[in-house]
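# Architecture and fold: a report
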Amino acid sequence: MRDERELTLHRASRKRFFKRPEVILALCYIIAAIIWEIGAKTLIPKLPLEAGTKSTLIQWEPWAFVALSVVFLFFFIRRIWFLRFKKSRELLHSYLGNSPTVHYELRALDSGFCVDWVSTNCERILGYSTEEVMAPGWWLNNIHPNDVKTVKKTALRGFEEEQFVCEYRFRHQQGHYVWVRDEVRRSSQKPLRFQGSWTNISTDYYDTPSINSGKNSELEVLSGIALLDEHRRIIAIDTPFTDISGLKESGCLNSKLEELLAATEIDETNENFPCNQSILIVGRNTDKQRYSAILTVREAPASFPGEAAYIATLNDVTRMKLQQRQLQKLAFFNDLTGLPNSNSLALDLTRLLDELPSDRLAAVIVMNVNHFHQVNDQYGHHIGDKILQRLALRLKKAVPFGTKLYNLGGDEFAVVLNHIVEYIDIQNIILQIQAAYEPPFILSDNQRQVQLAASIGASVYPLDGYDAEKLLAQANLAMNSAKDEHNESNTYFKQELETRSYDEIQLEEDVRSVLQTEQMQLVYQPVLNMQKQVVGVEALLRWEHPDLGTLKPDQFLPQFDANGMLDTLGVWVVEQVIEQIDLWQEQNTVPGKVGINLATEQISQQLYQTVSQFVKHNPELAEKLEFDLSESSLQEPLPDTLEIIEKLHQLGITLVIDRFGKGIASMLHLKNMPVSKIKIEREFIRDLDTNARSRSLVRAVIRMTSELGLEVQAVGVEKQTQLDTLAEFGCHYWQGELYKLPQTADTVFIQDRD
């Protein structure tokens, strides 16, 4: 076998040898030489020519052979080199077409610069054809207006330096701007020509890399100062300013900030950066790392010594932005499985319903392991966690390709299906999901097996609801109904809710008239500072239903929403709180600030008009009111929400972001919205003394918001150890069972007076 293999390889190599161009050339040449020699010696004597002529031909025959050989070799070798050059060009063209970097040649003109040549991948990366790129003025016309001066100034370095690098924003053919790194090399000076490359580095600016592990990763803000003259030119600059920006003091003096720094939040500037406005700056620091900073330019006070007319401060917020991304990851992904959580599900489902074609269906499938607590009790939570991780992998394989799987917490998972055509498709997917639970989970210690079964419920858009909240509620109701069936081998599929519970029907009937009765009541929970002094209360709504008992807001607010009465309910609560404040004052009780929770739909013109009328008659009332706004009202506000929030702030009412951490409000909202305080969600406080990640998260939130000048209030404090930890982190206020549960207005301050 070995000899046969060697013989085969030998034959293949020999075959390839005879196909080589140089071998073919040699063979052709030898054959041509043989034919020439035989033909010349045979043909010349037979020609009807004189003897002298024949003698001359015989004499010059070798030289004619040499001449023809030279001509033959010239054309043959030229052909070979042409083919090899063509192959090299094709390889180079393919490389440039697939390269992530655009290569070009640039020529300086009196009116600017002109592109003489550009690689074809420009259309793939920037959207422009080669004809568009080579049009006069194309390059300068598409540079971001704020970067043109800086780019021109850098380009002038081409007269002195052979190579330089510039980073700026460039307009994509679709209209948006991308960050490019322009690496330029001067190819000739007269005329001035450049060769260079563009690389899209937008991800470097918008996704700052993790901080060097050798540096302090705690939340820090480094501040630098520059003094400007009346023409906005730098006359003095400190070391932190140059450290943040990566600039040199010698290069900054007598220059303008607009020439040195790249601002991302403003698209156009007349001449100078605006005064008294925070601007986001991005660039590279002295360590060549990406940085983000906030620049603020203010007029210098009249008493300020020296020639400074303006003072510019540059605050490095790189670590703060990194911390924000870490918080966002914690808020939108489950720690155990790494899957998107309920916050992600709500956002994704809302987006899907907004974009879904009218002729398509969508479905939400929610699944929960039956009696999973028994697994934790029998084998321990660490085994239960491993089983959930393995279950998540099974479910990811079971759902259709491209479908996102969500972990809503613990053993509860969900799937969103889009572009469904027939109901049978949903049923088939549910069967696939159910099959993922059937194989037992083998424990590695002694081959014990854990068998799981799930209850699965589904809701379908638009039959079961037109919004994300309604669909999720219906899917959960279907899942709970499956559990009630006590049939663990089957799923409970709900195309629509044919029947509703008596309690739901009764609540929908009662909400229309409940505000005219005394069933709806307010209770109050004290708010304390870290010295355990009561500084205010939070008003909480309760429905004392004659048949269903005491109901909390999450049990009846959906019915108010369905009847379009959330706005009316919000106004009613505000009126009741103001009436109670007046009553407390008549009793010589000082309640401090009274917090009121407001849903997005309750921040309305009717609410503002009601509050403004009360404040007009009693201006001191504004100092006692505190409106708690959910993060969703800031992140996805209704059309008039932000305007009304600003009007409430102008009245002097304290505004608070409630349930901070349940959904991440952007740094720009925290910076621009007129809020004074945030409340940390009770879910993070509950395991503050047992979960290291919760500790890190709460500490980061407190430090981040404190840097922004906001106060922090913890909700749901139940243990002294939790309170001690919050005090250590610098929390300002707290409330919870550790001090007192919600009380009626008559009893909430009794213990304090005693």
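Each value, and the rule that gives it
- Residues numbered from 1 in each chain as written.
- Predicted model: local features only at pLDDT ≥ 70, side-chain atom pairs only at ≥ 80, totals over all residues.
- Heavy atoms only, no water.
- Helix = DSSP H or I, 4+ residues; strand = E, 2+ residues; numbered from the N terminus.
- Buried < 20%, exposed > 50% of the residue type's maximum accessible area, 1.4 Å probe, protein only.
- Contact = heavy atoms within 4.5 Å.
- Areas by Shrake-Rupley, 256 points an atom, 1.4 Å probe, with all protein chains shown as cover.
- Expected span 1.5 Å × (residues − 1).
- Pairing = 2+ DSSP bridges.
- Salt bridge = Lys/Arg side-chain N within 4 Å of Asp/Glu carboxyl O.
- Core = buried A, V, L, I, M, F, W, Y, C linked by side-chain atoms within 4.5 Å.
- Patch = residues over 30% accessible without salt bridge, like charges linked within 9 Å, V, L, I, M, F, W, Y side chains within 5 Å.
- Phe/Tyr/Trp six-rings, centres within 6.5 Å; stacked < 30°, edge-to-face > 60°.
- Lys NZ or Arg CZ within 6 Å of the ring centre and 35° of its normal.
- Arc of directions from axis to C-beta.
- pLDDT = per-residue confidence, 0-100.
- Lys, Arg positive; Asp, Glu negative; His and termini not counted.
- Charge placed at Lys NZ, Arg CZ, Asp CG, Glu CD.
- Axes fitted to C-alpha atoms, helices over the stretch in contact; angles between N-to-C directions.
- Parallel < 35°, antiparallel > 145°, perpendicular 65-115°, else oblique.
- Nonpolar A, V, L, I, M, F, W, Y, C, P; charged D, E, K, R; others polar.

## As for the overall build of the chain
Assigned secondary structure in the chain consists of 28 helices and 26 strands. Going through the 754 residues of the chain one by one, you find that 44% of them count as buried. Counted over contacts in the chain with a minimum sequence separation of 6, partners at least 24 positions apart contribute 60%. Carbon and sulfur atoms provide 51% of the accessible area of the chain, an area that totals close to 41200 Å².

## Some points on helix α21 (residues 605-617)
The terminal C-alpha atoms of α21, which comprises 13 residues, lie 19 Å apart, in line with the 18 Å expected from a rise of 1.5 Å per residue. Turning to α21, its buried residues are Leu-607, Tyr-608, Thr-610, Val-611, Ser-612 and Val-615. Contact partners of the buried residues in α21: α20 (566-586), β21 (593-598), β22 (625-630) and α23 (641-650).

## Re the sheet that holds strand β8 (residues 262-263)
Overall, antiparallel pairing links the six strands, which are arranged β7-β6-β11-β10-β9-β8 in an open sheet. Lying at the two open borders of the sheet, with one neighbouring strand each, are β7 (234-237) and β8. In terms of strand pairing, strand β6 (residues 222-228) meets β7 through three bridges, oriented antiparallel. Bridge assignment links Leu-227 to a residue of β7, and that residue is Ala-236.

## Describing the pattern of salt bridges
Summed over all chains, the structure comprises ten salt bridges. A salt bridge links Arg-181 to Glu-167, with the nearest nitrogen and oxygen atoms 3.4 Å apart. Note that Arg-181 is positioned in strand β4 (residues 177-188) and Glu-167 in strand β3 (residues 163-171), a separation of 14 residues in sequence. Lys-677 is paired through a salt bridge with Glu-626; the nearest N and O atoms lie 3.1 Å apart. Of the two residues, Lys-677 is situated in strand β24 (residues 677-680) and Glu-626 in strand β22; the sequence distance between them amounts to 51 residues. Classification of Glu-626 by relative accessible area gives buried; the value is 5%. One network of salt bridges, with partners in common, ties together Asp-348, Arg-351 and Lys-404.

## Concerning the nonpolar core
By size, the foremost hydrophobic cluster in this structure holds 76 residues, and its most contacted members are Tyr-524, Phe-560, Val-577 and Phe-627. Among the elements that line this core, the one with the most residues is α20, at ten residues. Each residue touching Phe-560, except ones within four places of it in the same chain, is listed here: Val-511, Val-514, Met-520, Trp-543, Met-565, Leu-566 and Leu-569. Ranked by size, the runner-up nonpolar core spans 36 residues in total, among them Met-367, Val-399, Leu-405 and Ile-426.

## Quick notes on a nonpolar patch on the surface
Judged by side-chain polarity, Trp-60, Trp-63, Val-66 and Val-70 come together as a nonpolar surface patch covering roughly 480 Å² of accessible area. As for its position among the elements, Val-66 is in helix α3 (residues 51-98). Overall, Val-66 belongs to the partly exposed group, its relative accessible area being 42%.

## So, the environment of Phe-372
You can see Phe-372 is positioned in helix α14 (residues 372-379). For Phe-372, a relative accessible area of 6% translates into the label buried. On a C-alpha basis, the gap between Phe-372 and Leu-388 in space is 9.8 Å, while along the polypeptide they are 16 residues apart. Filtering out sequence-adjacent residues up to four positions away, Phe-372 remains in contact with Gly-384, Ile-387, Leu-388, Asp-411 and Leu-452.

## Points about the packing of aromatic side chains
One pair of aromatic rings is described through two measures. These are the centre distance and the angle between the planes. All chains considered together, the criterion is met by twelve aromatic pairs. Residues Phe-556 and Phe-560 carry aromatic rings whose centres are separated by 6.0 Å and whose planes lie at 65 degrees to one another, so their mutual orientation is edge-to-face. Of this pair, Phe-556 and Phe-560 both sit in helix α19 (residues 553-562), four residues apart, which is roughly one turn of the helix. Just as Phe-556 is buried, Phe-560 falls in that class too. Above the ring of Tyr-310, the side-chain terminus of Arg-232 is found at 4.4 Å from the ring centroid. Between Arg-394 and the ring centre of Phe-441, over which it is positioned, the NZ or CZ distance is 3.7 Å.

## Details of the pairing of strand β17 (residues 454-461)
Within β17, eight of the eight residues are buried, which leaves it mostly tucked inside the rest of the structure. Side chains Ala-454, Ile-456, Ala-458 and Val-460 of β17 all project onto a buried face; the interleaved residues Ser-455, Gly-457, Ser-459 and Tyr-461 project onto the opposite face, where all are buried too. Sheet analysis places strand β12 (residues 361-369) next to β17, joined by eight bridges and oriented antiparallel. By the bridge assignment for β17, Met-367 is matched with Ile-456.

## Focus on unusual backbone geometry
Residue Pro-462 is bonded to the preceding Tyr-461 through a cis peptide linkage, with omega at 10 degrees. In the Ramachandran plot, Arg-232 falls in the positive-phi region, its phi being about 65 degrees despite a non-glycine side chain. Position of Arg-232 relative to the elements: it lies in the loop between β6 and β7. One non-glycine residue with positive phi stands out, namely His-371, at about 55 degrees. Looking at the element boundaries, His-371 is found in the loop between β12 and α14. The partly exposed category is assigned to His-371, whose relative accessible area is 44%.

## Re helix α27 (residues 720-729)
Within α27 the residues assigned to the buried category are Gln-722, Leu-723, Thr-725, Leu-726 and Phe-729. Down the axis of α27, the smallest arc covering the buried residues is 160 degrees, so these residues share one side. Elements in contact with the buried residues of α27: α25 (682-686), α26 (692-707), β25 (711-715) and β26 (733-735).

## Observations regarding the environment of Val-151
Locating Val-151 in the fold gives a position in helix α7 (residues 148-155). The sequence separation of Val-151 and Arg-169 amounts to 18 residues, and the corresponding C-alpha distance is 9.9 Å. Apart from the residues lying within four places of it in its own chain, the contact partners of Val-151 are Trp-139, Ile-143, Cys-166 and Tyr-168.

## Considering the confidence of the model for the chain
Residues of the chain with pLDDT of at least 70 account for 81%, and the chain-wide mean is 79. Contacts for the low-pLDDT stretch residues 207-220, under 50 throughout, to residues beyond four places or in other chains number 23 contacts. Counting contacts from residues 487-500, a segment whose pLDDT is below 50, to residues more than four positions away or on other chains yields 38 contacts.

## Remarks on a negative patch on the surface
A contiguous patch of negative charge, built from Asp-467, Glu-469, Asp-561 and Glu-601, is present on the exposed surface. Of note, Glu-601 is situated in the loop between β21 and α21. Judged by its relative accessible area of 38%, Glu-601 falls in the partly exposed class.

## Digging into the packing of α21 against α23
The angle between the axes and the distance between the axes are what describe a pair of packed helices. Interaxial distance between α21 and α23 falls to 10 Å at its minimum, and their mutual angle equals 10 degrees. Classified by the angle their axes make, α21 and α23 are roughly parallel. On α23, the residues touching Gln-605, Tyr-608 and Val-611 of α21 are Ile-644, Lys-647 and Leu-648. Taken together, the residues that form the contact of α21 with α23 break down as four nonpolar, one polar and one charged.

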